[in-house]
Structure formats: structure tokens, C-alpha cells
Number of protein chains: 2
Amino acid sequence: MAKKQILLNAFNMNCVGHINHGLWTHPRDNSVDYNTLEYWTDLARTLERGLFDGLFIADIIGVYDVYQHSIDLTLRESIQLPVNDPLLLVSAMAAATKHLGFGITSNLSYEPPYLFARRMSTLDHLTRGRIGWNIVTGYLESGARAMGLDGLTAHDQRYERAEDYLELVYKLWEGSWEDGAVRRDKAARVFADPARVHRVRHQGPYYQLDGYHLCEPSIQRTPLLFQAGTSPRGQQFSARHAEAIFISAQDKAATRKVVQELRQQAVQAGRRPEDLKIFVGIAAVVGKTKREAEEKFDDYWHYASAEAGLAHFASSVNVDFARYGLDEPIDYRGGNAIESAAQTAQANALNRRKLLERFRLGSRYPTLVGDAQHVADELESWANDVGVDGFNLSRTVTPESYEDFIDLVIPELQSRGSYKTAYAEGSLRHKLFGAGDRLPARHPAASQRHVPTATPLARANQHEAAHPV
Amino acid sequence: MAKKQILLNAFNMNCVGHINHGLWTHPRDNSVDYNTLEYWTDLARTLERGLFDGLFIADIIGVYDVYQHSIDLTLRESIQLPVNDPLLLVSAMAAATKHLGFGITSNLSYEPPYLFARRMSTLDHLTRGRIGWNIVTGYLESGARAMGLDGLTAHDQRYERAEDYLELVYKLWEGSWEDGAVRRDKAARVFADPARVHRVRHQGPYYQLDGYHLCEPSIQRTPLLFQAGTSPRGQQFSARHAEAIFISAQDKAATRKVVQELRQQAVQAGRRPEDLKIFVGIAAVVGKTKREAEEKFDDYWHYASAEAGLAHFASSVNVDFARYGLDEPIDYRGGNAIESAAQTAQANALNRRKLLERFRLGSRYPTLVGDAQHVADELESWANDVGVDGFNLSRTVTPESYEDFIDLVIPELQSRGSYKTAYAEGSLRHKLFGAGDRLPARHPAASQRHVPTATPLARANQHEAAHPV
């Protein structure tokens with residue numbers, strides 16, 4: 001039997017400080033150039049050289065103002081502020097590459113669905129089927145206030161709204177234009193066959209629509225659906241909708257349980273365990289030898305900011321850790337639901353000193369330090385023992401952390417038969433699942449598809465035929 | 001005195017049929033490839049070869065369903081349907097060029113201002129100051145219904161809302177981050193100085209905001225502001241806010257009056273006549289000789305669709321022309337206010353036969369047909385006698401209509417001293433006005449600027465200093 005193939009996304013954000021905080025100050029780190037095109041087109045080419053499946057770009061609407069009740073440290077350490085729009089990077093990177101996928105975070109609580117559906121379709125066209133959407137609903141009070149709202153919608157209600165939103169955009173992506181609607185027939189003067197383009201009506205509890213999708217069908221129609229929710233309601237949502245799930249984890253045994261639960265919930269939702277590709281967030285500091293890797297880690301460590309990592313975490317869990325003494329036990333029941341119960345329990349047993357020690361490179365993510373063999377051993381263990389499908393590799397000192405990984409770890413994985421040696425052809429979805437460009441019939445989006453219209457074009461002149469909904 | 005320099009934008013849209021309808025069926029027309037990256041990067045390179053100032057991309061939210069109360073013809077002739085998102089094209093084209101500006105249409109009625117402000121800032125960063133925004137408020141009932149609304153907001157109220165929207169985004173672009181706020185100082189571990197980043201509060205009649213701009217200042221801060229309103233309320237709005245105004249016109253004497261009125265209104269709004277760059281929409285069919293141009297026009301004419309042009313116009317003025325006999329006088333008082341009074345009066349005297357004759361290449365725009373000397377004569381006449389500053393050149397058969405113009409007309413204009421022979425350095429705004437990257441102090445956006453904070457970084461640790469608003 002063929003060895004399990006490890007999937008790989010680079011994890012990044014259109015900002016300076018993303019996950020491993022403070023490393024922007026390293027002399028070789030170029031993340032301060034995040035606002036230039038070259039930064040992104042160079043990165044995309046680098047990742048494609050490493051045969052990365054995708055570049056996953058996080059996003060946040062709002063600022064981290066919980067720690068010290070201020071954004072001072074956020075600004076000084078550029079903790080995801082400033083943060084530019086991620087979608088607008090895609091077309092330049094797509095022009096610089098051929099295979100790399102793009103998983104882009106967009107917050108559905110704030111993006112009007114009719115316009116958002118067009119954005120995704122446009123990018124799926126321009127990338128020839130390489131676009132994915134990381135579905136988030138937002139968790140920052142500062143974001144809600146910036147959007148002119150009184151405050152954040154309650155967590156579970158955000159998921160109710162997300163269900164409604166997805167039903168609406170599925171109708172646009174899957175149901176408005178049939179396959180075969182677009183003919184591009186110059187001689188017959190028929191760009192599109194009106195009998196095969198359908199008016200969509202949606203009267204949901206949160207969203208309404210009466211109109212046509214503005215875009216002709218793109219290769220994937222619905223973008224590849226990413227999700228990162230690990231709350232109970234978030235897991236339920238993921239199991240129903242997500243094709244790729246991004247989890248953060250430290251403990252292998254606990255993660256193995258989460259992975260099994262997610263796949264079971266997918267089955268309960270009428271899907272298959274393998275319909276979910278589960279990615280875990282990691283960082284890696286790799287050297288030609290163990291010693292070189294450790295020296296590199298020590299060098300990085302001098303530039304990292306554990307306090308910035310803690311300030312970021314403070315907004316994630318909505319607790320101002322600065323209010324506690326270094327050794328004072330921290331109680332933060334009522335923390336934000338983006339954290340899994342397991343993580344919350346772990347953190348509850350901690351004080352600020354211990355927390356700071358955990359943010360060694362400014363991040364809570366597992367950081368693999370060692371030579372290529374060690375890193376490959378760990379990745380294979382997560383894949384085979386824990387059961388994840390792949391990794392979202394965060395950057396440390398950029399771009400060298402990606403380059404080191406590509407130069408050292410990728411060949412090692414390839415020599416073990418755990419990583420592809422060439423890209424497959426086709427869309428992002430087909431590359432990941434090997435079963436075509438479109439969502440399978442068992443996914444809820446498929447129920448929004450229109451039964452193909454058999455009428456000849458001639459019937460298009462009949463008003464009723466063109467408006468069958 | 002130096003000769004008046006003619007400004008030039010290409011006028012295009014992320015769709016197949018834009019202005020000169022039906023020409024997508026011409027064997028050499030490639031507009032059916034609008035959904036590929038190459039179509040746009042090739043176009044951008046072509047325009048930069050012709051030293052075009054900008055590529056102006058129109059947009060529409062909604063479908064043209066007035067003519068025959070149907071979208072059948074709209075689909076068959078692809079009359080601005082499908083239409084993909086224009087903003088997402090920019091980064092790829094920016095990577096393929098160095099100087100070309102991008103004037104992108106976005107409908108403020110539907111785009112949340114906090115997110116829209118970030119989109120514009122992101123593109124201004126990525127393009128190094130080459131982004132412009134064509135401010136529209138929408139006029140299609142079908143667009144409002146697709147957005148889940150009961151119907152369109154009344155015309156004048158849309159402009160009231162636009163005033164509120166602009167005040168909010170000006171605050172973000174001009175007032176949230178001072179010049180000098182961003183230090184990128186690795187040694188001192190200071191990315192941004194908290195004392196120079198300000199919280200923005202806005203409590204307008206339509207929009208509210210309490211937060212920080214998510215982006216550091218871009219080169220232009222506020223994008224170059226385009227506007228195309230020619231109703232009385234639209235003119236008033238343009239005179240106050242717009243830096244570039246796009247007008248459609250047929251009659252030179254009437255247009256001369258409009259141009260004078262616009263500049264007078266700008267003066268009444270505290271600005272200068274030359275603060276407005278006025279562009280008129282035209283098409284050109286150029287040949288090496290008059291005869292070659294006329295033969296080319298005849299060839300194009302066989303593929304054009306006057307009926308598609310009329311169907312487009314039907315939605316512009318909200319009149320179903322199909323209801324009238326060919327020679328029956330058309331009365332459409334109450335037509336849409338996007339049309340100038342002069343045009344409405346002209347059209348009122350027409351019947352459908354005469355209207356169809358006016359849409360010779362599927363468009364109402366003036367179409368110059370002739371050799372380079374004739375076309376250059378006409379352009380100079382519009383510039384010098386009518387007083388416009390430049391042209392939005394629509395495509396006929398694409399890309400050859402742009403290539404013909406660049407190969408034949410541009411050298412003729414250059415030989416006359418009416419057109420630049422090289423790009424100036426700097427941002428789009430500086431290229432057009434020669435007075436720096438930012439809006440002048442007499443523009444209303446300037447009143448949202450923050451008086452520079454003189455405090456040293458040390459004060460940033462004081463909470464009050466970091467939140468002076």
C-alpha cells in the first residue's frame with residue numbers, strides 16, 4: 001500500500017507579526033515588506049518550488065486591545081496590525097505560479113454574501129480553480145465596533161448566521177448557472193443560453209437575495225472550504241461544510257481524539273471520514289545538523305517576543321494577562337470559544353510566567369527543532385499516529401524558514417515516499433481529493449444544484465423558460 | 001507656452017460585452033477571455049507601451065432586465081453579464097507594469113466602508129500609489145434586490161449617504177495613522193509609534209465606526225477619486241470630492257457648457273478649476289488611411305449589435321424600448337438620473353429606429369473613424385475647444401482597437417506635442433496633477449487629517465497619549 005502523503009500549506013498573513021511574534025526584528029526577516037508585491041510573488045514562487053499544496057492566509061478584522069487594555073504593544077510589535085486585505089494578493093501570486101493553491105480567510109459576518117460570492121468566483125476563474133475560502137465569523141469586539149455594530153453577535157448565533165450565509169452562496173455558486181449555460185458561440189451569437197441561467201431566491205433568517213449570480217461557473221464553482229472552528233458548535237459546522245480543517249494542537253493524544261471526533265461527525269452529517277483533510281499548525285527550525293538547528297533556534301529566540309505572543313493570546317481568550325502577577329494563578333473561565341476545551345483547561349492551570357515560557361518563539365504552536373530527519377520523523381508521526389492529513393507551516397524568520405524547510409525537509413520526506421515529487425494536474429480540490437473539481441454529491445452544497453435543463457436554446461425566447469425558479 | 005497634454009485612460013470592464021455591444025462575436029475579438037489572468041496582464045502591458053495614464057474599469061451590481069422585461073438578450077449578447085469583480089484584477093496587472101494607473105469602480109451602497117477602506121489602502125500599497133476609485137452608488141433595482149433590499153434608495157438620498165461614507169473613509173485614510181507613525185525600527189523594536197496612531201470615531205446619519213484603520217498609510221492615502229455623476233446632485237458631489245470626472249457626451253457645445261459648470265462648482269466648493277481632470281468617453285476606429293479606417297469600421301459594424309446597445313441603454317434610463325413600435329415616439333420622462341438633462345432631451349425626440357441608428361457599434365459614445373491625423377485633430381479639438389482634459393477610450397474589437405490607437409494615434413499626438421513621450425515618476429495623483437502624492441489641503445478629505453503629534457515615543461507608554469481622540 002502506498003505511503004500516506006503529507007499535505008502542506010504555508011501559513012501566513014498580510015501583515016508583519018503573524019504567529020511567531022517579535023521575529024520581524026531579526027536582521028534577516030523581511031516581513032516588514034509585507035505591503036509590497038514582490039514579497040508575495042517571491043513567496044509564492046518559493047512555495048511552488050517546494051510543491052506546497054497551498055498558501056493559507058489568515059486575516060483579522062479588528063485589533064488586539066485586551067492586553068493592558070491598549071493597542072500599544074500591538075503597534076510596537078506589529079501584532080497583526082497593520083493588516084492588509086488578503087484577497088487582493090491572489091491574482092499577482094497566481095500569475096507567478098501554476099499549481100499553488102490559495103486558502104484565503106474572509107469573515108462572513110461582515111462581507112455581503114452577494115458580493116463575496118462574486119469575489120470567490122472571480123478568483124476561481126483567474127487562478128483556474130486554485131482558490132479556497134477559510135470561513136470565519138470573527139471573535140473580536142474591536143472588529144464589531146469598527147464595523148459600526150454595538151458588539152459581537154453571540155458565538156452560537158454567529159454559526160446560525162453562517163449556515164444561512166452558506167446556503168445563500170451555495171445557491172449562487174452551484175445553482176444559478178448550469179453547466180453548459182455558457183456557449184461562447186460567436187457564429188451563433190450566443191454567449192450564454194438563457195434557459196440554463198436561473199434566478200436565485202433566498203429568504204433566510206439572516207440573509208435575503210433575489211437575483212442571478214453575476215459570474216459564469218468557475219472550475220470549482222464553490223471554492224475549497226476551509227474552517228478552523230474547534231468549539232463544539234464550530235466542530236459541528238466544520239463536519240457539515242468544511243473540506244479542510246485547520247486545528248491548533250500541542251498534545252498528540254488529545255489531537256488524535258479531536259481528529260477522530262471530527263471524522264465521526266462528518267459521517268453523522270452524511271459525509272465520509274476522508275472528506276475532511278485535517279491540517280495542524282506547526283513551526284519548524286531546521287538545520288543541516290541537530291546542532292545547527294539548535295543554534296539557529298537560539299539566534300531566533302533572541303529576537304522573539306514572548307510578551308507579544310501573550311498579548312495576541314490575550315485577545316484570543318479575552319483575558320488581560322497583564323492584570324496578573326507573574327506567579328499568580330490565572331482564572332479565565334468565560335474565555336473565547338475559539339480555544340478548544342482541552343487548551344483552556346491546560347491554560348487554566350498556568351500562571352503568567354509559565355505562559356511566557358510557552359511562547360518561546362512568540363507563539364503557542366508546536367515548534368519542531370532539529371535536522372531534516374528529526375522534523376520528518378515528527379511530521380510522519382503526526383500524520384500516521386495522530387491521523388492528521390497535513391500541516392499549516394507558520395513562518396519564523398521569513399523567507400528563510402520556508403527555504404530551509406524546502407531545501408532540507410522536503411527532500412527527506414520525498415525520499416521516504418511521504419511527499420509528492422510533482423504536482424498533480426487540476427484544481428485545488430482535485431489535487432487534494434483526486435475526485436474532480438467539484439464538491440461531491442454528498443456535500444450540502446450539492447443540494448443547491450439545478451437539475452440540468454434539457455430545453456434547446458430556441459426555448460430561451462420564452463420568458464417562462466428563462467425564469468424557471 | 002507648452003501645449004495642453006492629453007490624458008488617456010482605457011475604459012474597460014471585467015466582462016465580455018462592455019460598451020460597444022456585439023463586437024465580442026468578431027473573429028479577432030478576445031473579450032470572451034476576460035476571465036483569464038493573461039487577458040488582463042497582456043492588456044496592462046499594451047496600455048503601458050502606449051503610455052496610458054490609467055485603465056478605468058467599470059462595474060455593475062445587478063443585471064439589465066428592463067428591455068423586454070427579461071435578461072435573455074443580456075445573456076445571449078453578454079451585456080455586462082457575466083461580470084467579475086474588478087478589484088481582484090489589480091495586483092496581477094500591477095506586477096506586470098510599473099506606471100499604469102488603475103481606476104476601479106466600487107459601489108459604496110453595498111461595500112461596508114471599514115472593509116472597503118482597507119481594500120483601497122492595500123491596493124495603494126501593492127501598486128505603489130497607482131490606485132483610483134470610481135465612486136458609484138448604483139442605479140439598478142435588480143442590484144438592490146440581489147443585495148436583499150426591497151428596492152433602490154432614492155437618487156438624492158444615495159448621494160447623502162455617499163457624503164457620509166466619504167467622511168468616514170477619509171477619517172480612516174487621512175486621520176488614523178499620522179505620517180511618521182510607522183518606524184519599522186528593528187533595533188529599537190518599534191514597528192509603529194502608538195502615540196501617532198489614532199482611534200477614529202464616526203457617528204453619521206448612515207454609517208458608524210469606532211476603531212483604527214487596519215492599514216498603515218499608503219503612498220496616496222486616499223485613492224485618486226473618480227466620479228461619473230452628471231445629474232445636478234451628482235455634479236455637486238463631483239465638484240466637492242472628485243479629482244477626475246468621467247462624462248459621456250456627444251455634442252461639443254453642450255459638453256463645453258458642462259465642463260465649465262463643473263469647474264465653476266469646484267470653485268464654489270473651495271477648490272480650483274484645475275483640481276478636476278475631466279475625461280470624456282470615446283471610441284476610435286483608426287486606419288493607416290481614411291479608407292482603411294472606414295473599411296475596418298464596416299467590418300466591425302457587421303458584428304456589432306445595435307439592439308444590445310439599446311437593451312443596455314434601456315436599463316440606464318429605465319425604459320423598455322421594446323414596448324414601442326419602430327417609428328413610435330418614445331416618451332420616457334422619469335428616466336434614470338444618470339443621464340444628463342441634455343441627453344434625455346435628445347433621446348426624447350427619438351423613436352426606436354432612430355435610436356438603433358445611433359448605436360452603430362452597439363454604443364452611444366462618439367466614435368472617431370479615420371486616419372491618425374483625423375483622430376488626433378478631433379481629440380485636440382475636444383481638449384482645446386471643449387476644455388476636457390482627456391479621454392476614456394472604450395474598446396471596440398479588442399485588443400486590436402487599443403493596439404491600433406497606440407501604433408497610429410499616440411505617435412501622431414506625440415509629434416504634435418500633445419501627449420507625453422515618457423511617464424513621469426510618482427503616484428497616479430502626482431502623475432496627473434504634478435503636485436505630490438496626497439490630496440491638496442483645500443480638498444474636504446484634508447480636514448480629517450490629524451495634527452502631527454510632537455510627543456516622543458516614550459510618551460507612547462501613557463495610555464492617554466496613545467488614544468488622544
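To start, this report covers the structure provided alongside it. Note that the coordinates shown come from a computational prediction; the quantities given were computed from them, not determined experimentally.

What follows covers the side chain of R119 of chain A. As for its placement among the helices and strands, R119 of chain A is situated in helix α4 (residues 113–126). Ignoring anything within four residues of it in the chain, the contact list for R119 of chain A reads L87 and E111 of chain A together with D85, L88, E111 and R119 of chain B.

Next up on the list: the packing of helix α6 (residues 155–175) of chain B against helix α7 (residues 232–241) of chain B. Residue and element names in this part refer to chain B. Running from amino to carboxyl end, α6 crosses α7 at an angle of 15°, the nearest separation of the two axes being 10 Å. Classed by the angle they form, the pair α6 and α7 counts as roughly parallel. Note on packing geometry: the crossing formed by α6 with α7 is right-handed. Contact residues: H155, D156, Y159, E160, A162, E163, L166 and Y170 in α6; R233, G234, F237, R240 and H241 in α7. In the contact of α6 with α7, the residues fall into 5 nonpolar, 3 polar and 5 charged.

Another point: the packing of aromatic side chains. The final tally for this structure, using the stated rule, is 38 aromatic pairs over all chains. When the ring of F56 of chain B is compared with that of F226 of chain B, the centres are 5.1 Å apart and the planes differ by 80°; the resulting orientation is edge-to-face. Linking F56 of chain B in strand β2 (residues 54–58) with F226 of chain B in strand β9 (residues 224–227), this pair joins segments that are 170 residues apart in sequence. Pair check on accessibility: F56 of chain B and F226 of chain B agree, each one buried. Here F116 of chain B and W133 of chain B contribute two aromatic rings whose centre-to-centre distance is 4.6 Å and whose plane-to-plane angle is 55°, an arrangement assigned as tilted. Pair noted here: F116 of chain B is in helix α4 (residues 113–126) and W133 of chain B is in strand β4 (residues 131–136), with a separation of 17 residues, a long-range link. Side by side, F116 of chain B and W133 of chain B carry an identical accessibility label, which is buried. Joined through ring pairs, the aromatic side chains of F11, F56, F226, F246, F279 and Y365 of chain A make up one cluster. Between K420 of chain A and the ring centre of Y419 of chain A, over which it is positioned, the NZ or CZ distance is 4.3 Å.

The subject of this paragraph is the interface of chain B and chain A. Chain B puts 87 residues into the contact, and the matching count from chain A is 87 residues. Here chain B and chain A share an interface that buries about 7200 Å² over both sides, 58% of which is from carbon and sulfur atoms. On the chain B side of the interface with chain A, the three residues burying the most area are L88, K186 and R189 of chain B, jointly 11% of the side's total. Scanning the region where chain B abuts chain A turns up 10 salt bridges. At the junction of chain B and chain A, the tally comes to 47 residue pairs in polar contact (both at pLDDT 80 or more). For the side of chain B that touches chain A, the element with the most residues is α4 of chain B, which contributes 8 residues. Looking at the side of chain B that touches chain A, its residues break down into 44 nonpolar, 25 polar and 18 charged.

Taken together, a rotation about one axis and a shift along it account for how the two chain copies relate. For the match of chain B to chain A, the screw axis carries a shift of 0.0 Å, the RMSD comes to 0.0 Å, and the turn is 180°. Classification of the inter-copy transformation places it as that of a two-fold axis. Residues of chain B ranked by C-alpha distance from the rotation axis are headed by A92 of chain B, positioned 1.9 Å from it. Residue by residue, 100% of the interface of chain B is reproduced at the interface of chain A, so both copies engage with the same surface.

Let us look at the pairing of strand β8 (residues 208–211) of chain B. All names here are of chain B. Sheet topology places strand β7 (residues 200–203) next to β8; 4 bridges connect them, and they run antiparallel. Bridging from a neighbouring strand, R201 pairs with D210 of β8. Between β7 and β8, which pair antiparallel one after the other, the connecting turn spans 4 residues.

Evaluated as defined, the whole model comprises 76 salt bridges over all chains. Measuring nitrogen to oxygen at the nearest pair gives 2.8 Å for the salt bridge that ties R184 of chain A to E216 of chain A. Taken together, the residues R184 of chain A in strand β5 (residues 182–185) and E216 of chain A in the loop between β8 (208–211) and β9 (224–227) connect sequence positions 32 residues apart. R442 of chain B is paired through a salt bridge with D275 of chain B; the nearest N and O atoms lie 2.7 Å apart.

Excluding glycine, most residues fall at negative phi; most peptide bonds, likewise, are trans. Residues and elements named next belong to chain A. Residue P82 is bonded to the preceding L81 through a cis peptide linkage, with omega at -5°. Mapped onto the secondary structure, P82 falls in the loop between α2 (72–76) and α3 (90–95). Omega for the bond connecting T398 with P399 falls within 30 degrees of zero, at 5°, which places this linkage in the cis form. Within the chain, R184 stands out as a residue other than glycine whose phi angle is a positive 50°. Although it is not a glycine, R189 adopts a positive phi angle of roughly 55°. Take R189: it is sitting in the loop between β5 and β6 (190–192).

All names here are of chain B. Inspection of the secondary structure assignment puts E380 in helix α13 (residues 372–386). By relative accessible area, which is 13% here, E380 ends up buried. For the pair E380 and Y139, spaced 241 residues apart in the sequence, the C-alpha separation amounts to 33 Å. For E380, the contacting residues outside a window of four places in its chain are K3, I6, D385, L413, R416 and S418. One polar contact links E380 to S418, side chain to side chain, over a distance of 2.4 Å.

Scoring rules and cut-offs
Residues numbered from 1 in each chain as written. Chains lettered and ligands numbered in written order. Predicted model: local features only at pLDDT ≥ 70, side-chain atom pairs only at ≥ 80, totals over all residues. Heavy atoms only, no water. Helix = DSSP H or I, 4+ residues; strand = E, 2+ residues; numbered from the N terminus. Contact = heavy atoms within 4.5 Å. Axes fitted to C-alpha atoms, helices over the stretch in contact; angles between N-to-C directions. Parallel < 35°, antiparallel > 145°, perpendicular 65-115°, else oblique. Left-handed = near helix turned anticlockwise from the far one by under 90°. Nonpolar A, V, L, I, M, F, W, Y, C, P; charged D, E, K, R; others polar. Phe/Tyr/Trp six-rings, centres within 6.5 Å; stacked < 30°, edge-to-face > 60°. Buried < 20%, exposed > 50% of the residue type's maximum accessible area, 1.4 Å probe, protein only. Lys NZ or Arg CZ within 6 Å of the ring centre and 35° of its normal. Buried area = accessible area lost by both parts, 1.4 Å probe. Salt bridge = Lys/Arg side-chain N within 4 Å of Asp/Glu carboxyl O. Polar contact = N/O pair within 3.5 Å; in protein donor to acceptor, adjacent residues only side chain to side chain. Least-squares fit on C-alpha atoms with pLDDT ≥ 70 in both. Pairing = 2+ DSSP bridges.

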